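# Descriptive structure summary
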Amino acid sequence: MELLNKGKAKSVYKGEADLIIEFRDDLTAGDGAKHATMEGKGALNAEISARFFELLDEAGMETHFLGYEKPNRHLAKEVKIIPLEVICRNIAAGSILRRYPFEEGQEFTPPLVEFGFKSDEYHDPMLNDEVAIALGAVKDRGELNRMREMTLRVNDILRGFLAERGVILVDFKLEFGWDRDGNLLLADEVSPDTCRFWDAETKEVMDKDRFRRDMGDVLEYYREIRRRVYGD
Ligand SMILES: Nc1ncnc2c1ncn2[C@@H]1O[C@H](COP(=O)(O)OP(=O)(O)O)[C@@H](O)[C@H]1O
Ligand SMILES: [Mg+2]
């Protein structure tokens with residue numbers, strides 16, 4: 001298979017008609033400065049992410065997802081990735097606490113949507129609409145607004161689904177891209193690597209923050225997320 005792109009956590013191959021995205025066991029934090037491999041992480045993320053994409057597809061959202069192949073592959077439509085990270089926050093946690101005087105755990109009503117420039121070299125800086133357009137990441141504000149709307153829709157769908165399973169969706173990061181017919185699709189992954197999940201009862205951290213903050217038991221909590229998402 002032809003390798004198109006090897007990122008920090010996934011390898012993207014050209015399949016017969018579409019893409020094969022292989023979720024690897026690599027975990028990174030701090031733009032790749034911190035790295036580990038944890039056996040089984042890729043499979044867990046692929047399985048969890050597949051369930052979320054299925055839910056979004058059922059709700060009529062346009063995504064790149066075509067299917068899940070056990071243990072750690074997705075089939076997906078190839079898109080031209082927009083070099084922006086779209087972050088949606090329901091609760092204050094992580095980097096936003098270093099930028100503004102929010103209290104950890106405070107709720108954002110309505111949720112906040114922020115855009116970052118997807119660049120390890122520049123450390124994914126936040127940007128406003130003008131900068132995103134000047135960089136050529138998008139054509140105009142209309143495109144940013146479509147991503148905002150889709151992101152809030154993802155939030156509504158996943159937040160409710162997870163709440164029923166005792167998980168708080170604290171925040172998450174999405175990537176979008178353009179397919180060859182000019183459709184805007186949700187791409188990449190939705191997993192404990194790219195979301196913050198807290199247990200609704202205990203407020204325990206159930207995501208990659210366990211790795212970032214050296215809290216231990218990273219995969220135990222990924223497994224628990226998988227279990228709750230599949231209800232088994
Ligand atoms: N449908 C898709 N078409 C093309 N590229 C994609 C698609 N979905 C995800 N990607 C890209 O695959 C790459 C590998 O993923 P990942 O390992 O998460 O990379 P990163 O190091 O940028 O986080 C990323 O650049 C991501 O934007
Ligand atoms: Mg990534």
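The shown structure was predicted, so the numbers you read here are calculated from the model rather than taken from an experiment. (Residues numbered from 1 in each chain as written. Chains lettered and ligands numbered in written order. Predicted model: local features only at pLDDT ≥ 70, side-chain atom pairs only at ≥ 80, totals over all residues. Heavy atoms only, no water.)

### What about the domain arrangement of the chain?
Domain assignment breaks the chain into domain 1 (2-76) and domain 2 (80-217). Tallying the contact residues gives 27 residues for domain 1 and 28 residues for domain 2. The junction of domain 1 with domain 2 conceals about 2400 Å² of combined surface from both sides, 62% of it contributed by carbon and sulfur atoms. Three residues stand out in domain 1 for area buried against domain 2, namely Asp31, Phe52 and Met61, and they jointly supply 24% of the buried area on that side. At the junction of domain 1 with domain 2, the criterion picks out 5 salt bridges. Where lysine 10 meets aspartate 188, a salt bridge forms, and the shortest distance between an N and an O atom there is 2.8 Å. (Domains from an automatic or database assignment. Contact = heavy atoms within 4.5 Å. Buried area = accessible area lost by both parts, 1.4 Å probe. Salt bridge = Lys/Arg side-chain N within 4 Å of Asp/Glu carboxyl O.)

### A short note on helix 4 (residues 141-163)
For helix 4, built from 23 residues, the straight-helix expectation of 33 Å at 1.5 Å per residue is met to within 8% by its first-to-last C-alpha distance of 32 Å. Every buried residue belonging to helix 4 is among Glu143, Leu144, Met147, Met150, Thr151, Val154, Asn155, Leu158, Phe161 and Leu162, and all of these are buried. Here helix 4 starts with a cap whose side-chain oxygen sits 3.1 Å from the backbone nitrogen of glycine 142, and that cap is aspartate 140. (Helix = DSSP H or I, 4+ residues; strand = E, 2+ residues; numbered from the N terminus. Expected span 1.5 Å × (residues − 1). Buried < 20%, exposed > 50% of the residue type's maximum accessible area, 1.4 Å probe, protein only. Polar contact = N/O pair within 3.5 Å; in protein donor to acceptor, adjacent residues only side chain to side chain.)

### Details of unusual backbone geometry
With an omega of -5 degrees, the peptide bond between lysine 70 and proline 71 qualifies as cis. With respect to the helices and strands, proline 71 occurs in the loop between strand 6 (65-69) and strand 7 (73-76). In this chain, threonine 109 is followed by proline 110 through a cis amide linkage whose omega measures 0 degrees. Structurally, the position occupied by proline 110 is in strand 10 (residues 107-117). Here aspartate 188, not a glycine, exhibits a phi torsion of approximately 65 degrees, which is positive.

### Some details on the environment of arginine 212
Note that arginine 212 resides in helix 5 (residues 209-212). By relative accessible area, arginine 212 is classed as partly exposed at 34%. Not counting chain neighbours up to four residues away, the residues in contact with arginine 212 comprise Ala29, Lys34, Asp193 and Arg196. There is a polar contact of 2.6 Å between the side chain of arginine 212 and the side chain of aspartate 209.

### Side note on the packing of aromatic side chains
This model, assessed by the stated rule, comprises 5 aromatic pairs. Seen from their ring centres, phenylalanine 52 and phenylalanine 161 are 6.4 Å apart, and the 85 degrees between their planes marks the pair as edge-to-face. One end of the pair, phenylalanine 52, is in helix 1 (residues 41-58); the other, phenylalanine 161, is in helix 4, and 109 residues separate them in sequence. Judged by relative accessible area, which is 8%, phenylalanine 161 ranks as buried. Between phenylalanine 102 and phenylalanine 108 the ring centres are 4.9 Å apart and the planes differ by 80 degrees, which places this aromatic pair in the edge-to-face class. Accessibility expressed as a relative area gives 7% for phenylalanine 108, which makes it buried. Through a chain of ring-to-ring contacts, the aromatic side chains of Phe52, Phe161 and Phe197 assemble into a single cluster. (Phe/Tyr/Trp six-rings, centres within 6.5 Å; stacked < 30°, edge-to-face > 60°.)

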